[in-house]
Amino acid sequence: MNRFTVGLMLVLTLGAACAKKKPVTGGPQPAPPSTATATPTTPPPPPARAPERVEESVPVPAISEDAIGNRSLEDLNRDSPFKPAFFGLDSAELDDAGRAIVASNAEIMKKYPSWVITVEGHCDERGTAEYNLALGERRAVAVKSYLVALGIPADRLRTVSYGKEFPFDTGHTETSWAQNRRAHFVITSK
Amino acid sequence: MNSQPPTPNFQNRPTRPNTLGVGRWSLGVALVTCAWAAVAALSAQQPAPPGEPQQQPQQPSEIQLVINGEPGTPPRYAVPDFIALSPDAADIAKTLGKVLWDDLNFEREFYMIPRDTYSTIPVARTAEDVPFAAWRELGADAVVFGTVQKTAANTVRVQVRLFNVRSRQIVFAKEYTGAATNPRLYAHTMSDEIHQQQRALRGVARTKIAFSSDRNREKISGPVANRDVKEVYISDYDGENTRRVTTNRQLNITPVWSPDARGIAYTSYRRGYPDIFIALIYQGLQETPTNGVGQNWLPIFSPDGTRICFTSNRDGNPELYVMNRDGSNVRRVTNNPAIDTTPTWSPNGTQIAFTSDRAGTPQIYIVGADGLNLRRITTNESWADRPTWAPAPFNEIAYAARTGPAFDIKVYDLASGTTRQITFGEGSNESPAFAPNGRHIAFASSRGGKGYQIYTMARDGKNVTQVTRDGNNYTPSWSN
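Residues numbered from 1 in each chain as written. Chains lettered and ligands numbered in written order. Predicted model: local features only at pLDDT ≥ 70, side-chain atom pairs only at ≥ 80, totals over all residues.

A. Structural view of the overall build of chain B. Per the secondary structure count, chain B includes five helices and 31 strands. Taken across its 480 residues, chain B has 51% of its residues classed as buried. The contacts in chain B between residues at least 6 apart in sequence include a share of 45% that link residues at least 24 apart. (Helix = DSSP H or I, 4+ residues; strand = E, 2+ residues; numbered from the N terminus. Buried ≥ 20, exposed ≤ 12 C-beta atoms within 10 Å, placed from the backbone. Contact = placed C-beta atoms within 7 Å.)

Written out as structure tokens, the structure reads:
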């Protein structure tokens, strides 16, 4: 084993040690800090960090009695009740179709008030990787803002941008690109 | 010359907790002897041919030692295999000759005589046997004679001499002893020293390229299936000696080197959202300067390494911020409801170029590091991103511009205000990154048809060389 590998193992060991010391007060899934609660002058104290290993999380037992509410987080996200909202090329504005989708998603969220939702912003491959990180952020925030306007409490909403890093359709056609310009809803905790 | 950082000195590094790792430090150099005395003595023994300037052994200067070619042409160099002085050094001897040839060829300062034309030249076993007449016949102005010997289980002694073929004088002679684990590094070191001595040029043979890659083909475990892990890797500038830096099986992207080439800042989603981490690759440590304040991405070190500029949504919108390297003293640089992102520092650290869509589409702007004196650079692009400021003395900014269906690399000259395009529609070409001597640009391209790979090219777009081949590889950064 060379010494570089030893160095890497040291990083891992230290990282694991640090992670173990942190109180696990967040939800069972990683929770990105809310962008809306931050203020320019007095940034809030660092939020307690959620566990980093997603697969170690244990879903909270369902409270609801209905079919959707009884399903595990994993099942819910695999076959999600939420529909993605799509965007135009280089755009972070919700059009009428996008607003209708977000509105119907908001109705589901109102039915399950304990659910915390992460809105993921995604872009197609025709932009640059760097700028798309910000464009995806704008898409996610646009959806979050509309959800808040529809009455969803901001503290139930997280946003994260994945730029063009996680295409849903790996093709290189207009159809594929349209599929990848989206706000994707993930149930983070329930 | 004066604008370039000094070449790191092995012996004078304050702390080397690890001679290890990768990089130039792994030499563990015990002895670097520049044999000026020997050069001078040898020069004195050889009669100077007519027409050559008289050697002055008591005060050798670089000028007297420079090997010239025929008038108006670059000097022609030959680098045969090194001689193995012990049988177990045969492989290393071959590697040293090939790598030194490639390294010397990279800067295009010399005409490198192809190695497959040396077969008729008698092999010299000692420095006294170098067949100058035969090399001259092949047109060589300069020839390298090198030896390598295993001195213990895992140590070698490497000697190299550079001869002026016409005068038969040694113009460069050095001995290196150290570990045998990475013999390429001896050749890289020789190349940089020969470029420095012969051309007063800072070579890049010992530099490294950091990039993000999905080559380990793992999937992120999370609520959404089928998402590729990306980790940060580094390799030598020629793509060899690849090492993985991150191991967290998440999205780890946009790595950038610290100016001392000992740290790599990058964007990681290991906490479920983008944040900035710094890997101190030789110490095996990690720093988290933005710890927990908003979401932060696309870090870039100031040229003196004391500050980091980055994009953050902490105030609700992608804006640029500058902080000290330890995360203290955060100051906001941009203030606009549009997107401001992808920063790069000017070589003197007083200005920042970045991408903004404040005029409707992503364009390149420059602003003072204090947030004042904003001006727009690109005006004729439909999409411009990843500005990267060239090191001095080049007064240029390279960026990726949408040209039809994909992107090409363009270079904006700040003095003249003119733009030149240096890639031309072969795949998509993105994320340019300058070499520390400003003579080369690394970039990510889909031109090969097998996903995205890292390539390097000269600053005029010529001499494109593929660096990576495994998986998809993105967002290169070139170390000092």
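Continuing now.
B. Main features of the packing of helix 3 (residues 90-106) of chain B against helix 5 (residues 184-199) of chain B. All names here are of chain B. Interaxial distance between helix 3 and helix 5 falls to 8 Å at its minimum, and their mutual angle equals 40°. As helix 3 runs across helix 5, the sense of the crossing is right-handed. In contact with Thr95, Leu96, Val99, Leu100, Asp103 and Leu104 of helix 3, helix 5 contributes Arg184, Tyr186, Ala187, His188, Met190, Ser191 and Ile194. Along the lines of polarity and charge, the residues of the contact of helix 3 with helix 5 split into eight nonpolar, three polar and two charged. (Axes fitted to C-alpha atoms, helices over the stretch in contact; angles between N-to-C directions. Left-handed = near helix turned anticlockwise from the far one by under 90°. Nonpolar A, V, L, I, M, F, W, Y, C, P; charged D, E, K, R; others polar.)

C. Expanded view of the sheet that holds strand 25 (residues 406-413) of chain B. Residues and elements named next belong to chain B. Taken together, four strands build an open sheet; the order of strands is 23-24-25-26 and the sheet is antiparallel. A strand with exactly one partner marks an edge of an open sheet, and here the two such strands are strand 23 (384-389) and strand 26 (419-421). Neighbour-to-neighbour, the strand axes of this sheet turn through a mean angle of 30°, independent of strand direction. Of the strand pairs in this sheet, strand 25 and strand 26 are connected by three bridges, and their pairing is antiparallel. Bridged to Tyr412 within strand 26 is Thr419. (Pairing = 2+ DSSP bridges.)

D. Here's a closer look at the confidence of the model for chain A. All names here are of chain A. Of the residues in chain A, 65% have a pLDDT of 70 or more, and the chain-wide mean is 78. This stretch, residues 5-31, has a pLDDT under 50; its non-local contacts, to residues over four places away or in other chains, come to 51 contacts. Throughout residues 46-56 the model reports pLDDT below 50, and contacts reaching past four residues in sequence, or to other chains, amount to 30 contacts. (pLDDT = per-residue confidence, 0-100.)

E. Local environment of the domain arrangement of chain B. All names here are of chain B. As far as domains go, chain B holds domain 1 (24-199) and domain 2 (208-478). Taken over C-alpha atoms, the centre of domain 1 sits 37 Å from the centre of domain 2. Taken residue by residue, the interface counts six residues in domain 1 and seven residues in domain 2. Here the side of domain 1 that touches domain 2 is composed, by residue class, of one nonpolar, one polar and four charged. (Domains from an automatic or database assignment.)

F. Representation of unusual backbone geometry. Residues and elements named next belong to chain B. Residue Pro393 is bonded to the preceding Ala392 through a cis peptide linkage, with omega at 5°. Mapped onto the secondary structure, Pro393 falls in the loop between strand 23 and strand 24 (396-403). The phi torsion at Asn241 lies on the positive side, around 65°, for a residue other than glycine. Checked against the element boundaries, Asn241 lands in the loop between strand 9 (231-236) and strand 10 (243-244). Positive phi, close to 50°, is recorded for Thr254, a residue that is not glycine. Looking at where Thr254 falls in the secondary structure, it is placed in strand 11 (residues 252-257).

G. Highlighting the pairing of strand 12 (residues 263-268) of chain B. All names here are of chain B. Where burial is concerned, most of strand 12 is hidden: six out of the six residues are buried. Neither face of strand 12 is open: one carries Gly263, Ala265 and Thr267, the other Ile264, Tyr266 and Ser268, and all of them are buried. Judged from the four bridges that link them, strand 11 and strand 12 form a sheet pairing that is antiparallel. Each bridged residue has a counterpart across the sheet, and for Asn252 the counterpart in strand 12 is Ser268. With antiparallel pairing between neighbouring strands as the criterion, strand 11 and strand 12 make up a hairpin whose turn holds five residues, including Ala261 at a positive phi of roughly 60°. Direction of pairing for strand 12 relative to strand 13 (residues 275-280): antiparallel, over a ladder of six bridges. Note on strand 13: the bridge partner recorded for Ala265 is Ile278.

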